[in-house]
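# Architecture at a glance
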Amino acid sequence: QMVLSEKVNQLMEWASKRSVIRMNGDKFRRLVKAPPRNYSVIVMFTALQPHRQCVVCKQADEEYQILANSWRYSSAFTNKIFFAMVDFDEGSDVFQMLNMNSAPTFINFPAKGKPKRGDTYELQVRGFAAEQLARWVADRTDVSIRVIRPPNYAGPLMLGLLLAVIGGLVYLRGSNLDFLYNKTGWAFAALCFVLAMTSGQMWNHIRGPPYAHKNPHTGQVNYIHGSSQAQFVAETHIVLLFNGGVTLGMVLLYEAATSDMDVGKRKIMCIAGIGLVGLFFSWLLSVFRSKYHGYPYRYV
C-alpha cells in the first residue's frame, strides 16, 4: 500500500506541473506496467522529434494536450486517471516491449489487469479529435471529460471580414444592387458548397482525421484510406477535384447543346465535356473500388 501511495503521489505531483506526463522506459515500467495500481493511465506513443517527420504525431499531440488539459483543470479532476506520453526517441525500449511499430498510438492501461483489445484506440477509424478521444476514454474508464478548447477567433474574424466586404460592395454600388441578383454568382457559390459537403469536409471537421498516412517502414505516403469507414483529409481534396471535373464536363455538354455558337466550337465543347466526364468519373470510381474491396464494376 505504501508503494501504491508513493506512485500516486508521484503522478499527482507531475500532473500538477504538466497535464501530459512524459515518460521514458524506466518511468513507464515502474508507474504503468508494474503493480500495484489503482489508477488508469492513457498513454500516447508518438514520435515528435523533427527528424522523424511525423506530421500526424504533431497534430494528434495538439488534440491530446487539449484533452489532458480539459481533465487536469476541471472540477472533477481526481487521481483515478492520468495522461502520459512515450516518445520513441525517449523510450524506444517501450516500443520494443509492446511490439509497436507505428505512431501515434493511444492505449489505455486499466487500473486492474492488462489492456484488452478495446483499450487500443482505433485512430484510423475515429480520428484523433479531442472529443473522439474523450468518448473513448469515457467508454474504457467511466471518466467523462468535457473538452474545453482554447478560444479560436479565426472563425469570427473571417465572418467579420466577409460581412465587411459585402457591406463595402453595397456601399460602393449605392442603390445599384443588381449584382445580388446575379444567377451565375449564386450558382457558383452553391456549387462550391455542394462540392465541399459531398467530398466529406463535414466528416473531417467532426472526426479530425490525419491529412495522409506515411508508412514508417517503407516511407510510402497513402492519400486514400483503405477502409470504407474512414478517410484522410487529402482524400476529400482528391474527391472534390474529381467531382469538380465531372461537373465541369457536364456544364460543357449543356453549353454545347444549348448555346448559339457555331457548330465547330460546339463540337469542341462536346468532345471536351465527354472527355472530362469520362476521365474524372473513371478516377472517382477507382477511389470507390479501392475502399470497397470486391466491387465488381469499373468504368474504363
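The structure presented is a predicted model; accordingly, all values stated were derived computationally and were not measured.

## So, the pairing of strand E4 (residues 105-109)
- With 5 of 5 residues buried, E4 lies mostly within the body of the structure.
- Here E4 shows a buried face lined by Thr105, Ile107 and Phe109 and a second buried face lined by Phe106 and Asn108.
- Where strand E2 (residues 40-46) and E4 come together, 5 bridges link them in antiparallel fashion. Looking at E4, one finds that Val43 is bridged to Ile107.

## Thoughts on the pattern of salt bridges
- According to the stated counting rule, one finds 10 salt bridges in the structure shown.
- We note a salt bridge from Lys17 to Glu13, for which the minimum N-O separation is 3.8 Å. With a gap of 4 residues between them, Lys17 and Glu13 both fall in helix H1 (residues 2-17), about one helical turn apart.
- Close ionic contact of Arg30 with Asp26 constitutes a salt bridge, the shortest N to O distance being 4.0 Å. Pair noted here: Arg30 and Asp26 are both in helix H2 (residues 25-33), with a separation of 4 residues, about one helical turn.
- Among the charged side chains, a network of salt bridges with common partners joins Glu63, Glu131 and Arg149.

## So, helix H3 (residues 55-72)
- For H3, with 18 residues, the first-to-last C-alpha span of 26 Å sits near the 26 Å given by 1.5 Å per residue.
- Where H3 is concerned, the buried positions are Val56, Cys57, Ala60, Asp61, Glu63, Tyr64, Ile66, Leu67, Ala68, Ser70 and Trp71.
- Tucked into the core, H3 has its buried residues touching strand E1 (20-22), E2, strand E3 (81-87), E4 and helix H6 (130-141).

## Section: the sheet that holds E2
- A sheet is described by the order of its strands in space; here 4 strands give the open sequence E1-E3-E2-E4, paired in mixed fashion. Lying at the two open borders of the sheet, with one neighbouring strand each, are E1 and E4. Averaged over all adjacent pairs, the angle separating strand axes in this sheet is 30°, with direction ignored.
- Note: E2 against E3, 7 bridges, orientation parallel. When the sheet's bridge partners are listed, Val43 is paired in E3 with Ala84.
- Docked against the sheet, H3 engages E1, E2, E3 and E4, running at close to 160° with respect to E3.
- Strands E2, E3 and E4 of the sheet are contacted by H6, whose axis makes an angle of about 25° with E4.

## A word on the packing of aromatic side chains
- Going through the model one piece at a time under the given rule, you end up with 15 aromatic pairs.
- Look at Phe45 and Phe95: their rings are 5.8 Å apart centre to centre, the planes differ by 85°, and that puts the pair in the edge-to-face class. Of the two residues, Phe45 is situated in strand E2 and Phe95 in helix H4 (residues 92-97); the sequence distance between them amounts to 50 residues. Judged on exposure class, the residue Phe45 and its partner Phe95 are both buried.
- Of the aromatic side chains, those joined through ring pairs into one cluster are Phe28, Phe45, Phe88, Phe95 and Phe109.
- Directly above the aromatic system of Trp14 lies the positively charged group of Lys27, at a separation of 4.6 Å from the ring centroid.
- The residue whose ring lies beneath Arg72 is Tyr73, and the NZ or CZ to ring-centre distance is 5.4 Å.

## Some words on the UniProt feature "transmembrane region" (unreviewed entry) in the protein
- The UniProt record marks residues 153-172, 184-203, 238-256 and 268-288 with the feature "transmembrane region" (unreviewed entry), using the residue numbering of this structure.
- For residues 238-256, helix accounts for 100% and strand for 0%, while the C-alpha atoms at its two ends are 27 Å apart.
- Secondary structure content for residues 268-288 is 100% helix and 0% strand, while the C-alpha to C-alpha distance between its ends is 30 Å.

Thresholds applied
- Residues numbered from 1 in each chain as written.
- Predicted model: local features only at pLDDT ≥ 70, side-chain atom pairs only at ≥ 80, totals over all residues.
- Heavy atoms only, no water.
- Buried < 20%, exposed > 50% of the residue type's maximum accessible area, 1.4 Å probe, protein only.
- Helix = DSSP H or I, 4+ residues; strand = E, 2+ residues; numbered from the N terminus.
- Pairing = 2+ DSSP bridges.
- Salt bridge = Lys/Arg side-chain N within 4 Å of Asp/Glu carboxyl O.
- Expected span 1.5 Å × (residues − 1).
- Contact = heavy atoms within 4.5 Å.
- Axes fitted to C-alpha atoms, helices over the stretch in contact; angles between N-to-C directions.
- Phe/Tyr/Trp six-rings, centres within 6.5 Å; stacked < 30°, edge-to-face > 60°.
- Lys NZ or Arg CZ within 6 Å of the ring centre and 35° of its normal.
- UniProt positions renumbered as here; feature names shortened; annotations may be inferred.

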